[in-house]
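In case you want the letters, here they are:
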2 protein chains.
Amino acid sequence: MAAEDGEVAAGFTVTPWEVSGKVDYDKLVRLFGTTPIDKKLLERLKKHSNGTLHPFLKRKLFFSHRDLDVLLDGFEKNGEKFALYTGRGPSGRTTIGHLIPWMFTKYLQDTFNAELYFQLTDDEKFLIKDGLTIEDVIAFTQDNALDVVACGFDPKKTRIFADTEYIKTLYKTAISVAKKITFSTAKAVFGFKNDSNIGIIFFPAIQAAPAFLPSIIEGKPVPVLIPCAIDQDPYWRIARDVAPKLGFPKPAAIHSKFIPSLGSGGKMSASIPETSIFTTDSEDVARKKVMNAFSGGQATVAEQKKLGGNPEVCSAFQYFVFLFENDDAKLGVLESECRSGRMVCGDCKKMLADRVCKFLNEHQERREKAKDVINDFMVRD
Amino acid sequence: MAAEDGEVAAGFTVTPWEVSGKVDYDKLVRLFGTTPIDKKLLERLKKHSNGTLHPFLKRKLFFSHRDLDVLLDGFEKNGEKFALYTGRGPSGRTTIGHLIPWMFTKYLQDTFNAELYFQLTDDEKFLIKDGLTIEDVIAFTQDNALDVVACGFDPKKTRIFADTEYIKTLYKTAISVAKKITFSTAKAVFGFKNDSNIGIIFFPAIQAAPAFLPSIIEGKPVPVLIPCAIDQDPYWRIARDVAPKLGFPKPAAIHSKFIPSLGSGGKMSASIPETSIFTTDSEDVARKKVMNAFSGGQATVAEQKKLGGNPEVCSAFQYFVFLFENDDAKLGVLESECRSGRMVCGDCKKMLADRVCKFLNEHQERREKAKDVINDFMVRD
């Protein structure tokens, strides 16, 4: 399916480089041809983590997959291990939104005792962003890597690499992939145009390569599970098509929704700093952003008390759902307090700001410590 | 100019991947927009090598250039040095035809005391040839590198590298180049199609990168001179367009004609082994190929003696001109003996076979010795 098809059919756009419009995730699953995570799969996952479900699964932040059931079959029946592969395009500072798949990956690493390959696509960001120099992306790469490490991965089981530093390891696999992908295919999947540069046209091959690295490094077929936001799915579609032609297992994936921005609609994006919380934001800055968040509340406190709030359009409420209120009962109370007007937006946001600041403090502490151990994680040619 | 334009206008095809039809070199110079090497330039080159002209220049095997005069200006006036850059696509064994630009490059290295960057484009050949595996091109790469070393380059001033082994050094420059080249441009220059694979579409950026490596390694602008067969010119056109945008000097080039095959028409090509002499051919094999060469002679010895030969269409005569008879007077005698019918093809070819075998013996001896010193030349990441 071409990116354009999705756009026309669904009234929103989801490509690796653009997410816009109001995303209908049910439609997206059908358009992309992925599989919704159903109750049965949730039960299986629950068993692997002592009967509790990760909050991101419980709240359906991770909602779709490809072949996760197949991986679990092998793991459960024959103890067949799989590796994890995820990444980040270092085009700016890290936001809380970026942390979501990494936190989830940390849970997967712990649960399945899995090796993690973490790709920092400095080349992609340099190639796709007009104003960005190689020096810029290298600086962002180093900065972003600290946030990855701060998520708590096991240094013995984690390889973090920047493409430009690890290209010798990736390149032979990348050109093997590239040989199997025509310009027509890449154009259809990614919406390349005649004025796309020849570097970004090649890039899907670089992005696919780490999916096959565990098999190459271990000298036997080791499938990967890719936790990522669903906009990255086109890359894995390509990798899945090519895998059997190169004798590798097809990569599996588990997809998240987009963490909303603090504005009205859209995903949290580092390119709109005022509605995004960066991991390095000071308490003051973060608090201010939360207090300015779009809540969809009434114009005045009096009206809010009378008419009640609108949690389904409120970005603050989404943050409680996805990250900051794990207790279902408490979330239920919060929702009804809002709807009834008993809780006004200012008080609600203040509560969220406290939790965001606590989260940031803890993350920033781990991020500082990451500076001492970053070299245990980074691999270079 | 698009590859297709040249084809239509000139009745022959010259692209980096195809040379066919009877090439009109004067037309080609106009089509490609290069500059013929004139008497004035030859005089300047003569001065740099003790008043003698290299045989390949004397016989107009190297016949065209871009900006060689500009490089000589800098060299002569201000002692500005330049580097040499050439290469080989390792898709098979080395032929005598491949040695031509390398032998000329050896002369340029000695004459201008220049550093040489020699690129073995294993990635390109893997990407462009359907049946070729990465293992195949790696084997050819190692084999071909011995022939390069056997040409007698200075190990202190020569870096030979295979793309897949040196990609970390090349990659940042390659993506900087790639960012400046749209698919449209690459399509126009190289004739890419929608079914071209995305690796070969990116490859021109990899091919351009070594042209800027001397400037990067030396930390100041160092132009390169690229000795190559003229079919490679499209690559340097791209590199020349991009150079000023990246702050590098434009690469200069000096172009050779194609060494003819031993058949009737076409360039010597490793893919037609019976009309190509490989550097590793045994004396018997080489002799047989020469004796079977197309000469354009008459049907019988009696007719040949009566009507005379046709040196302008004779592949054997071309070999004397380009490689095996440096003495102008002796070449003149050979030509008139042929035209008059006094020399018959069998005797002429026997004389050529003797010289070819002597050349091969000497090359093979140096090639054996190259095995001991190859590591002094090869650079890897």
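Coordinates for the structure precede this section.
Not measured: the values here are computed from a predicted model.

What counts and what doesn't
Residues numbered from 1 in each chain as written. Chains lettered and ligands numbered in written order. Predicted model: local features only at pLDDT ≥ 70, side-chain atom pairs only at ≥ 80, totals over all residues. Heavy atoms only, no water. Helix = DSSP H or I, 4+ residues; strand = E, 2+ residues; numbered from the N terminus. Buried < 20%, exposed > 50% of the residue type's maximum accessible area, 1.4 Å probe, protein only. Contact = heavy atoms within 4.5 Å. Buried area = accessible area lost by both parts, 1.4 Å probe. Salt bridge = Lys/Arg side-chain N within 4 Å of Asp/Glu carboxyl O. Polar contact = N/O pair within 3.5 Å; in protein donor to acceptor, adjacent residues only side chain to side chain. Pairing = 2+ DSSP bridges. Axes fitted to C-alpha atoms, helices over the stretch in contact; angles between N-to-C directions. Least-squares fit on C-alpha atoms with pLDDT ≥ 70 in both. Arc of directions from axis to C-beta. Right-handed = clockwise from strand over helix to strand, strands pointing away.

(A) Spotlight on the overall build of chain A. Scanning chain A from N- to C-terminus turns up 18 helices and 9 strands. Overall, the C-alpha framework of chain A stretches about 65 × 50 × 50 Å when taken along its three principal axes. Within the span of chain A, comprising 381 residues, buried residues form 56% of the whole. Of the contacts made within chain A by residues no fewer than 6 positions apart, 78% connect residues no fewer than 24 positions apart.

(B) Representation of the interface of chain A and chain B within the structure. Counting residues at the interface gives 35 residues for chain A, matched by 36 residues for chain B. For the pair chain A and chain B, the two sides together bury roughly 3,200 Å², of which 68% comes from carbon and sulfur. For chain A, the biggest contributors to the area lost against chain B are Lys168, Lys179 and Ile198 of chain A; these three give 25% of the whole. For the pair chain A and chain B, the interface holds 4 salt bridges. Between Glu165 of chain A and Lys172 of chain B there is a salt bridge, and its shortest N-O distance comes to 3.9 Å. Linking chain A with chain B are 18 residue pairs in polar contact (both at pLDDT 80 or more), by the criterion used here. Every element with two or more residues in the side of chain A that touches chain B is listed here: helix 7 (122-128), helix 8 (134-150), helix 9 (163-178), helix 10 (183-190) and helix 11 (198-208) of chain A.

(C) Layout of the pattern of salt bridges. Residues and elements named next belong to chain B. The final tally for this structure, using the stated rule, is 52 salt bridges over all chains. Residues Asp328 and Lys58 are paired through a salt bridge, measuring 3.3 Å at the closest nitrogen-oxygen approach. Here Asp328 is found in helix 17 (residues 328-340), whereas its partner Lys58 is found in helix 4 (residues 55-58), with 270 residues between them in sequence. When the shortest N-O distance is used, the salt bridge between Arg287 and Glu283 registers 3.7 Å. With Arg287 and Glu283 both in helix 14 (residues 283-291), this residue pair falls 4 residues apart, about one helical turn.

(D) Region of the structure containing the sheet that holds strand 4 (residues 62-66) of chain A. All names here are of chain A. Spatially, 7 strands are ordered 3-4-9-8-5-6-7 in an open sheet, and the strand pairing comes out mixed. The open sheet has two edge strands with one neighbour each: strand 3 (35-36) and strand 7 (158-162). When strand 5 (residues 83-88) meets strand 8 (residues 224-229), the two strands line up parallel, connected through 2 bridges. Across the sheet, residue Ala83 finds its bridge partner in strand 8, namely Val224. Sheet strands in contact with helix 9 are strand 6 (116-120) and strand 7, and its direction is about 110 degrees off that of strand 7.

(E) Spatial organisation of the relation of the copies chain A and chain B. Its rotation angle being 180 degrees, the transformation that places chain A on chain B also includes 0.0 Å of axial translation and leaves an RMSD of 0.0 Å. Both chain copies can therefore be described as sitting about a two-fold axis. Of all interface residues in chain A, 100% are interface residues in chain B too; the two copies therefore contact each other through one and the same surface.

(F) Layout of the sheet that holds strand 5 (residues 83-88) of chain B. All names here are of chain B. What the 7 strands build is an open sheet, ordered 3-4-9-8-5-6-7; its pairing is mixed. Strands with a single pairing partner mark the edges of an open sheet, and in this sheet they are strand 3 (35-36) and strand 7 (158-162). Where strand 6 (residues 116-120) lies against strand 7, 5 bridges are found, and the strand directions are parallel. Pairing of Leu116 across the sheet is with Thr158, part of strand 7. Most of the contacts of helix 8 (residues 134-150) go to strand 6, to which it runs at about 155 degrees, and overall it touches strand 5, strand 6 and strand 7.

(G) Spotlight on helix 3 (residues 39-48) of chain A. Residue and element names in this part refer to chain A. Residues Leu41, Leu42, Arg44 and Leu45 constitute the buried set of helix 3. Buried positions in helix 3, seen along its axis, are confined to an arc of 160 degrees and lie on one side of it. Exposed residues lying more than 90 degrees from the buried face of helix 3 are Lys39, Lys40 and Lys47. Where helix 3 is buried, its residues contact helix 4 (55-58), strand 4, helix 5 (68-78) and helix 6 (96-112).

(H) Molecular detail of unusual backbone geometry. Residues other than glycine seldom take positive phi values, yet Lys60 of chain A does so here, at roughly 60 degrees. Looking at the secondary structure, you find Lys60 of chain A in the loop between helix 4 and strand 4. Unlike most non-glycine residues, Asn50 of chain B shows phi in positive territory, near 55 degrees.

(I) Looking closely at the pairing of strand 8 (residues 224-229) of chain B. All names here are of chain B. The buried fraction of strand 8 is high, at 6 of 6 residues. Every second residue of strand 8 is oriented toward a common face, with Val224, Ile226 and Cys228 on one face and Leu225, Pro227 and Ala229 on the other, all of them buried. Sheet topology places strand 8 next to strand 9 (residues 252-256); 5 bridges connect them, and they run parallel. Residue pairing for strand 9: Leu225 is matched across the bridge by Ala252.

(J) Region of the structure containing the environment of Lys22 of chain B. Looking at the secondary structure, you find Lys22 of chain B in the loop between strand 2 (18-20) and helix 2 (25-32). In the structure, Lys22 of chain B is positioned 10 residues away from Phe12 of chain B in sequence and 6.0 Å away in space, judged by C-alpha atoms.

(K) View of the environment of Ala286 of chain B. Residues and elements named next belong to chain B. Structurally, Ala286 is set in helix 14. Judged by its relative accessible area of 0%, Ala286 falls in the buried class. Each C-alpha atom, one on Ala286 and one on Glu274, is 9.5 Å from the other, the two residues being 12 residues apart in sequence. Once residues within four sequence positions are removed from consideration, Ala286 is found in contact with Ile277, Asp281, Val356 and Leu360.

(L) Here's a closer look at the pairing of strand 9 of chain B. Residues and elements named next belong to chain B. Of all 5 residues making up strand 9, 5 are buried, and the element is well covered by its neighbours. Burial along strand 9 is two-sided: Ala252, Ile254 and Ser256 facing one way and Ala253 and His255 facing the other are all buried. Note: strand 4 (residues 62-66) against strand 9, 4 bridges, orientation antiparallel. Paired with Arg66 across the bridge in strand 9 is Ala253. On the question of chirality, the crossover connecting strand 8 to the parallel strand 9 by way of helix 13 (residues 233-246) is right-handed.

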